[in-house]
Amino acid sequence: MSENFLVTCFDERYFNTFGVAWFASFFDVSKFERKVIAIAFDFQQQDSLDALQKHGINIIHAKNHYEKRTFTYTKIAEIQKSTHGKYAYFDF
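None of the values given here were measured: they were computed from a predicted structure.

I keep staring at the side chain of Asp11 and nothing clicks. Help me out?
With respect to the helices, strands and loops of the structure, Asp11 is situated in strand S1 (residues 3-11). Separated by 3.0 Å, the side chain of Asp11 and the backbone nitrogen of Tyr14 make a polar contact.

See the structure below:
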């Protein structure tokens, strides 16, 4: 059986500007209950990552990249090799 995943990525600047509200509305308004994978680029705010992980979000730490989307597509392809499913990618 395959699963459904939502994948997103952010760095601290985008997370501070958009992330808190995006994740809050995502879970509180839409009541999303599928698996979420978040790629955190050079993210230092561990308390924010801990809060996301408490909501079941799988955090992948990565060094900052100029082409975040390309990096994320590559990471999704790597994950798909061992975890089959449908992956939807939304960024901030």
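Which parts of the structure should I look at to understand the nonpolar core?
Where a protein is soluble and globular, its nonpolar side chains tend to be buried together. Core analysis: the biggest nonpolar cluster contains 14 residues, and Phe10, Phe23, Val36, Leu49, Leu52, Ile57 and Ile59 have the highest contact counts within it. Of all the secondary structure elements, the ones that give two or more residues to this core are S1, helix H1 (12-28), strand S2 (35-41) and helix H2 (46-54). Of the residues forming this core, the biggest block, four residues, is contributed by H1. Once residues lying within four places of it in the same chain are set aside, the contact partners of Leu52 are Phe10, Phe15, Phe23, Ile57 and Ile59. Within the second largest apolar cluster, 12 residues are counted, among which are Val7, Ile39, Ala62 and Ile79.

Mind showing me how you'd approach the sheet that holds S1 here?
Strand pairing in a sheet is mediated by backbone hydrogen bonds. Such pairs are either parallel or antiparallel. Pairing in this open sheet of four strands is parallel, and the strands run S3-S2-S1-S4 from one edge to the other. The open sheet has two edge strands with one neighbour each: strand S3 (58-62) and strand S4 (85-89). Across the sheet, the mean angle separating the axes of adjacent strands is 25 degrees when strand polarity is ignored. Here S2 pairs with S3 via five bridges, running parallel. Counted as the bridge partner of Ile37 is Asn58 from S3. In the packing of H2 onto the sheet, contacts are made with S1, S2 and S3, and the angle to S3 comes to roughly 145 degrees. Against the sheet, helix H3 (residues 68-82) contacts S1, S2, S3 and S4, and its axis sits at roughly 170 degrees relative to S4.

Please explain the pairing of S2 as it appears in this structure.
As a general feature of sheets, a regular strand has side chains that alternate between the two faces. For S2, the tally of buried residues reaches six of seven residues, placing the bulk of the element in the interior. Taken together, the seven bridges between S1 and S2 define a ladder with parallel strand orientation. Its bridge partner lying in S2, Phe10 is registered against Ala40. As for the winding sense of the linkage, the β-α-β connection from S1 through H1 to S2 is right-handed. Viewed along the sheet, the connection from S2 through H2 into S3 turns out right-handed.

Would you mind going over H2 with me for this structure?
Along an α-helix, a turn takes 3.6 residues, which lines up residues three or four apart on a common side. Every buried residue belonging to H2 is among Ser48, Leu49 and Leu52, and all of these are buried. Along H2, the residues classed as buried sweep out an arc of 100 degrees about the axis, all on the same side. Within H2, the exposed residues directed more than 90 degrees away from the buried face are Asp47 and Lys54. Where H2 is buried, its residues contact S1, H1, S2 and S3. Directly beyond the C-terminal end of H2, a positive phi value near 85 degrees is found at Gly56.

Calculation notes
- All chains use their own residue numbering, which begins from 1 and follows the written sequence.
- Only residues with pLDDT of 70 or above have their local features reported here, since the model is predicted, and side-chain atom pairs are shown and tallied only from 80 upward, although totals for entire chains, interfaces and linings are computed over all residues.
- Side-chain calculation: all heavy atoms of the structure are included, whereas hydrogens and water are not.
- A run of H or I in DSSP counts as a helix once it spans at least four residues, and a run of E counts as a strand once it spans at least two, with each numbered from the N terminus.
- Think of a polar contact as two N or O atoms within 3.5 Å of one another; within protein, one of them needs to be a possible hydrogen donor and the other a possible acceptor, and neighboring residues in sequence only count if both atoms come from side chains.
- To qualify as a nonpolar core, a set must consist of buried Ala, Val, Leu, Ile, Met, Phe, Trp, Tyr and Cys residues joined through side-chain atoms within 4.5 Å.
- Between buried and exposed lies partly exposed: a residue is buried under 20% and exposed over 50% of the maximum accessible area for its type, with that area taken using a 1.4 Å probe on protein chains only.
- Residues count as neighbours in contact if any of their non-hydrogen atoms are within 4.5 Å of one another.
- Paired strands, as defined in this entry, are two strands with at least two bridges between them according to DSSP.
- The angle between two axes is taken between their N-to-C directions and runs from 0 to 180 degrees, where each axis is a line fitted to C-alpha atoms and a helix contributes only its stretch in contact.
- Handedness rule for crossovers: strands pointing away from the viewer, path from the first strand over the helix to the second running clockwise, crossover right-handed.
- In this context, the arc is that of the directions from the helix axis out to the C-beta atoms.

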